[in-house]
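Structural overview
Here is what each chain is made of, one letter per residue.
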Amino acid sequence: MLGRWIAACGLLGSVIMVSAPAAADSSPVATSAENPPGFSAITPQRVVDTRESERVPAGGTIKVGLPDRVVAADRAIAAAMTVTVVEPSAWGFVTVFPCGSARPEVSNVNYTAGVTRAATVFSKLGDNNEICLYSYADTHILVDITGVFYDTASLSSIDPRRLVNTRNTGTLEAESVLTVPIAGAADSAVPADASHAVVTLTAVEAQGWGFLTAYACGSNMPDASNLNYDSGDTLANQAVVPLNDNGELCVYSYAASDVLVDVVGYFSGMDAIDEPTRIADSREPGKYSSRLIKPGSWNGDALPADSGTYRVLMIDASQVGKRVTSMYTNITVDPSNGAEGYVAPVT
C-alpha cells in the first residue's frame, strides 16, 4: 500500500493518455448498495479483449457490460474507461455510445493502419447497462473499466453530440484559441448552470508537432496539455473542462490543425480544481513531489515479475488535496528513444 502515492509505470514508449489513478485493491466498486458514492474509481478491469476471440469487422459494433463485482449496478449511470485499438487494418475511428441509442456522428479513438492507440472515455450507460463500440475499420479492441458513476454523482451524462468541426468553418491557425459556447448553448443539451463539461477533443490532420489545451475562457491558459500530436496526426482524447460565467471553454492549438469538440456530459457545482495543475514532470527532477524509481527496484505487487524492464514514477497525490481518493489526470509520455511500450497507473 502506497497511501497517497501513485505509481505511473511502463516501458518508455508511445504516447498514451490514460485515466488515473485507480483504487488500491480490487474491492467492489461501491461498498454500499443503499448509498453508493457519486464516483468509484477501481483498479482498471479489462472487460473486453477481442484478441482472445475475433477482430471487430469494419462497420461492426460490440457491446460491453459493467464488471461483475459492481455493487448497486441498477443505480449506475455512466462508466469511465480506457479504450484501446490494436492493429487496425486501415484508417478509421471508434465511436463509444450508450446501447439502444442511435450511433452519434462523433469519434473517441482515431487510428491509422497498424498503429495501436488508446483514449480515456466517459460514456452514459444504455440498455441493460451496456455500452456499444463501433469501429469504422477492421481491428482489435480492448476496454478497461476504470470507474463507475452513480445517480448520486453531480455528473449528468448525455448522448454525445458534436459542437465544433473546423473542417466546415476553417482550420484553427497555429497558436490560436477557439471559443466554444457550451452551457446553455443551442443544441448542446447542457444547462446554463453547468460548471464543467466533459468533452472529446480531436485534432485532425495537424500541420506540425503540438498540443491542444482546453480551459475556461477568460482564465490564464494552464501549463498543461489535453492532447499531444505530431504532424499529420488525427488523435482524440477526453477532458473535464471548467466553464466560465458565460458557459464557455477555450481550446488552444500550438500548431495549425482542424479541431473537433464533442460534448458527452457535464457537472453542476462540481468541487474540483478549476485549472489543470501539473504535479509531476520527470524532465524536472526535484521540482514536484515525485520521484523516479530505478529499474528493478520496484517492490509493489501490481507489476509483473520482470519489472526490471520498467521505469516507475511515484506521484504524491496529496499535492491536490488531503482527502483525495481518486483523480482525473492526463499522463503524457515523450518516447525520446523511439521504443514501443505503454503507461499504466497503479497504487
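Notes on the structure in this doc start here. Note that the structure is predicted; figures quoted are calculated from it, not measured.

This part is about the layout of surface pockets. The space that makes up the second largest pocket amounts to roughly 220 Å³. What lines the second largest pocket is a set of 13 residues, and nearest its centre among them are Trp91, Phe93, Asn110, Arg167 and Leu260. Across the lining of the second largest pocket, the residue classes tally to 5 nonpolar, 3 polar and 5 charged.

Moving on: the pattern of salt bridges. Inspection of every chain in the model, using the stated rule, returns 8 salt bridges. Arginine 46 is paired through a salt bridge with aspartate 144; the nearest N and O atoms lie 2.7 Å apart. Taken together, the residues arginine 46 in strand 2 (residues 39–49) and aspartate 144 in strand 9 (residues 140–150) connect sequence positions 98 residues apart. According to the relative accessible area criterion, aspartate 144 is buried, its value standing at 11%. It is possible to trace a salt-bridge network through shared partners that takes in Arg46, Asp49, Arg51 and Asp144.

Right, let's talk about the sheet that holds strand 5 (residues 92–98) for a bit. Taken in spatial order, the 4 strands make up an open sheet running 3-8-5-6, and their pairing is antiparallel. Bordering the open sheet on either side are strand 3 (61–64) and strand 6 (109–111), each of which pairs with just one other strand. Sheet twist, expressed as the average angle between the axes of neighbouring strands with direction ignored, equals 20 degrees. Alignment of strand 3 against strand 8 (residues 131–135), held across 4 bridges, turns out to be antiparallel. What sits directly across from threonine 61, in strand 8, is tyrosine 134.

Here we come to the packing of aromatic side chains. For the structure on display, the rule yields 11 aromatic pairs. Taken together, a centroid distance of 5.5 Å and an interplanar angle of 75 degrees make the contact between tryptophan 209 and tyrosine 254 edge-to-face. Taken together, the residues span a long stretch of sequence, with tryptophan 209 in the loop between strand 12 (196–204) and strand 13 (210–216) and tyrosine 254 in the loop between strand 16 (248–253) and strand 17 (258–267) at a distance of 45 residues. Relative to tyrosine 254, the ring of phenylalanine 211 lies with its centre 5.5 Å away and its plane at 20 degrees, an arrangement referred to as stacked.

Turning our attention to the side chain of aspartate 258. Examined against the element boundaries, aspartate 258 turns out to sit in strand 17. In this structure aspartate 258 is buried but unpaired, with arginine 167 as the nearest side chain of opposite charge at 5.8 Å. Polar side-chain contacts of aspartate 258 include one of 3.2 Å to the side chain of threonine 171. Look past the residues within four positions of aspartate 258 in its chain and what remains in contact with it is Thr166, Arg167, Gly170, Thr171, Thr202, Ala203 and Val204.

By size, the foremost hydrophobic cluster in this structure holds 29 residues, and its most contacted members are Val199, Leu249 and Val251. When residues of this core are traced back to their parent elements, those giving at least two are strand 10 (155–165), strand 11 (176–181), strand 12, strand 13, strand 14 (227–229), strand 15 (235–242), strand 16 and strand 17. What valine 251 contacts, discounting residues up to four positions off in sequence, is Leu172, Ser176, Val177, Leu178, Val180, Leu201, Leu212, Thr213, Ala214, Val259 and Val261.

It is worth spelling out the state of the cysteines at this point. Enumeration over the complete set of coordinates arrives at 2 disulfides. Across the disulfide from cysteine 99 sits cysteine 132; the S-S distance is 2.1 Å. Taking the torsion about the S-S bond as the criterion, the cysteine 99 to cysteine 132 disulfide, at about 115 degrees, is right-handed. With cysteine 99 in the loop between strand 5 and strand 6 and cysteine 132 in strand 8, this residue pair connects regions lying 33 residues apart in the sequence. Linked covalently through their sulfurs, cysteine 217 and cysteine 250 form a disulfide whose S-S length is 2.0 Å. Here cysteine 217 and cysteine 250 share a disulfide; its torsion about the S-S bond, 115 degrees, makes the bridge right-handed. Remark: cysteine 250 occurs in strand 16 and cysteine 217 occurs in the loop between strand 13 and strand 14; sequence separation between them is 33 residues. What makes cysteine 217 buried here is its relative accessible area of 11%.

With that settled, consider the sheet that holds strand 9. The strand order across the open sheet formed by 4 strands is 2-9-4-7, and the pairing between neighbours is antiparallel. Two strands lie at the open edges of the sheet, namely strand 2 and strand 7 (117–124), each paired on one side alone. Sheet twist, expressed as the average angle between the axes of neighbouring strands with direction ignored, equals 20 degrees. Two strands pair when backbone bridges link them, and strand 4 (residues 76–86) and strand 9 are joined in this way by 10 bridges, in the antiparallel orientation. Considered in strand 9, the bridge of alanine 79 is made with valine 148.

Quick notes on the rules
- Residues numbered from 1 in each chain as written.
- Predicted model: local features only at pLDDT ≥ 70, side-chain atom pairs only at ≥ 80, totals over all residues.
- Heavy atoms only, no water.
- 1 Å grid on protein atoms, 1.4 Å probe; cavity = no way out; pocket = protein on both sides within 12 Å on 5 of 7 lines; lining within 4 Å.
- Points joined across faces, edges and corners; volume = space filled by probe spheres on them.
- Nonpolar A, V, L, I, M, F, W, Y, C, P; charged D, E, K, R; others polar.
- Salt bridge = Lys/Arg side-chain N within 4 Å of Asp/Glu carboxyl O.
- Helix = DSSP H or I, 4+ residues; strand = E, 2+ residues; numbered from the N terminus.
- Buried < 20%, exposed > 50% of the residue type's maximum accessible area, 1.4 Å probe, protein only.
- Pairing = 2+ DSSP bridges.
- Axes fitted to C-alpha atoms, helices over the stretch in contact; angles between N-to-C directions.
- Phe/Tyr/Trp six-rings, centres within 6.5 Å; stacked < 30°, edge-to-face > 60°.
- Lys, Arg positive; Asp, Glu negative; His and termini not counted.
- Polar contact = N/O pair within 3.5 Å; in protein donor to acceptor, adjacent residues only side chain to side chain.
- Contact = heavy atoms within 4.5 Å.
- Core = buried A, V, L, I, M, F, W, Y, C linked by side-chain atoms within 4.5 Å.
- Disulfide = S-S within 2.5 Å.

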